[in-house]
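Working through the structure, step by step
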Amino acid sequence: MNAAPWLDETQQRFWRAMLQGQTLLQTVLDRELREVAGIALADYEVLVIVSESPGRCRRMAEIAEDIGVSRSRLSHTVARLEKRGILKRSSTEGDGRGVNCSMTDEGWGLMQKIAPVHVEGVRRHLIDLMSPEETQVLADVFTRAAEHLRKAV
């Protein structure tokens, strides 16, 4: 196997800044959600997917695939949110092995409270730092990267 060519200076700067920026952004957004509602960013990702699903209900396997985590990890996250009365699990009608995850009314109320906090944080810490053209380019690049990486997982 041939060694891949080294990254040039600009590529290396991009790669390191992307890693550091992503880590710092997630840390700050996580802190903001925890301060407002005691919800971790990873929990919020699950809540967004369920809240945007028809009837605010989605199969657990689909949620795990959408956010790129194992079913076991998702099960722990949902169990934690279930204890708080935010989500609930139920068997999938017609499929004894499938499990649905749905949002409770309490969970929906929480989403209405924390979604604006999250959006404001995303805007302040990232979106507002870019031009519309830069946002479009990065959306295209990371969409393409995500599609490529989903095939590799």
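Relevant structure appears above.
Our subject in this report is the structure included herewith. Quantities reported herein were computed from a predicted structural model and do not represent experimental measurements. (Residues numbered from 1 in each chain as written. Predicted model: local features only at pLDDT ≥ 70, side-chain atom pairs only at ≥ 80, totals over all residues. Heavy atoms only, no water.)

This part is about the overall build of the protein chain. Of the regular secondary structure elements, the protein chain holds six helices and three strands. Across the protein chain, helices and strands are ordered from the amino to the carboxyl terminus as α-α-β-α-α-β-β-α-α. Contacts in the protein chain between residues far apart in sequence, at least 24 positions, make up 52% of those at least 6 positions apart. About 10,900 Å² of surface is accessible on the protein chain, with carbon and sulfur atoms providing 55% of the total. Charge separation in the protein chain, taken as the distance between the mean sites of 21 positive and 22 negative side-chain charges, equals 6 Å. (Helix = DSSP H or I, 4+ residues; strand = E, 2+ residues; numbered from the N terminus. Contact = heavy atoms within 4.5 Å. Areas by Shrake-Rupley, 256 points an atom, 1.4 Å probe, with all protein chains shown as cover. Lys, Arg positive; Asp, Glu negative; His and termini not counted. Charge placed at Lys NZ, Arg CZ, Asp CG, Glu CD.)

Let us now look at the sheet that holds strand β1 (residues 57–59). What the three strands build is an open sheet, ordered β1-β3-β2; its pairing is antiparallel. Of all the strands in the sheet, the pair left with one neighbour each is β1 and β2 (87–92). Neighbouring strand axes in the sheet, compared pairwise and without regard to direction, differ in orientation by 30 degrees on average. Bridging between β1 and strand β3 (residues 95–103) involves three bridges; their strand directions are antiparallel. Note on β3: the bridge partner recorded for Arg58 is Cys101. Where helix α3 (residues 60–67) meets the sheet, its contacts fall on β1, β2 and β3, and the angle it forms with β1 comes to roughly 80 degrees. (Pairing = 2+ DSSP bridges. Axes fitted to C-alpha atoms, helices over the stretch in contact; angles between N-to-C directions.)

To continue, consider the packing of helix α1 (residues 9–37) against helix α5 (residues 105–125). One can describe the packing of α1 onto α5 by two numbers: an axis separation of 10 Å at closest approach and a directional angle of 150 degrees. Regarding the angle of α1 to α5, the classification is roughly antiparallel. By crossing handedness, the relation of α1 to α5 is classed as right-handed. Two secondary-structure elements touch here, α1 through Leu25, Val28, Leu29, Glu32, Leu33, Val36 and Ala37 and α5 through Leu110, Lys113, Ile114, Val117, His118, Gly121, Val122, Arg124 and His125. Taken together, the residues of the contact of α1 with α5 break down into 10 nonpolar, three polar and three charged. (Parallel < 35°, antiparallel > 145°, perpendicular 65-115°, else oblique. Left-handed = near helix turned anticlockwise from the far one by under 90°. Nonpolar A, V, L, I, M, F, W, Y, C, P; charged D, E, K, R; others polar.)

As a further point, take the pattern of salt bridges. Applying the stated criterion across every chain, the model contains nine salt bridges. Among the ionic pairs, Arg58 bridges to Asp66, the shortest N-O distance being 2.7 Å. The class for Arg58 is partly exposed, based on a relative accessible area of 23%. Within the structure, one salt-bridge network assembled from shared partners comprises Glu32, Glu120 and Arg124. (Salt bridge = Lys/Arg side-chain N within 4 Å of Asp/Glu carboxyl O. Buried < 20%, exposed > 50% of the residue type's maximum accessible area, 1.4 Å probe, protein only.)

The subject of this paragraph is the side chain of Asp30. By the element assignment, Asp30 lies in helix α1. Since its relative accessible area comes to 18%, Asp30 is described here as buried. A polar contact of 2.6 Å, which involves the side chain of Asp30, links it to the side chain of Arg34. For Asp30, the contacting residues outside a window of four places in its chain are Ile39, Ala40 and Leu41. (Polar contact = N/O pair within 3.5 Å; in protein donor to acceptor, adjacent residues only side chain to side chain.)

Where β2 meets β3, six bridges bridge the pair, whose relative direction is antiparallel. Residue Ser90 lies in a different strand from β3, and its bridge partner there is Asn100. Between β2 and β3, which pair antiparallel one after the other, the connecting turn spans two residues, and Gly94 there sits at a positive phi close to 80 degrees.

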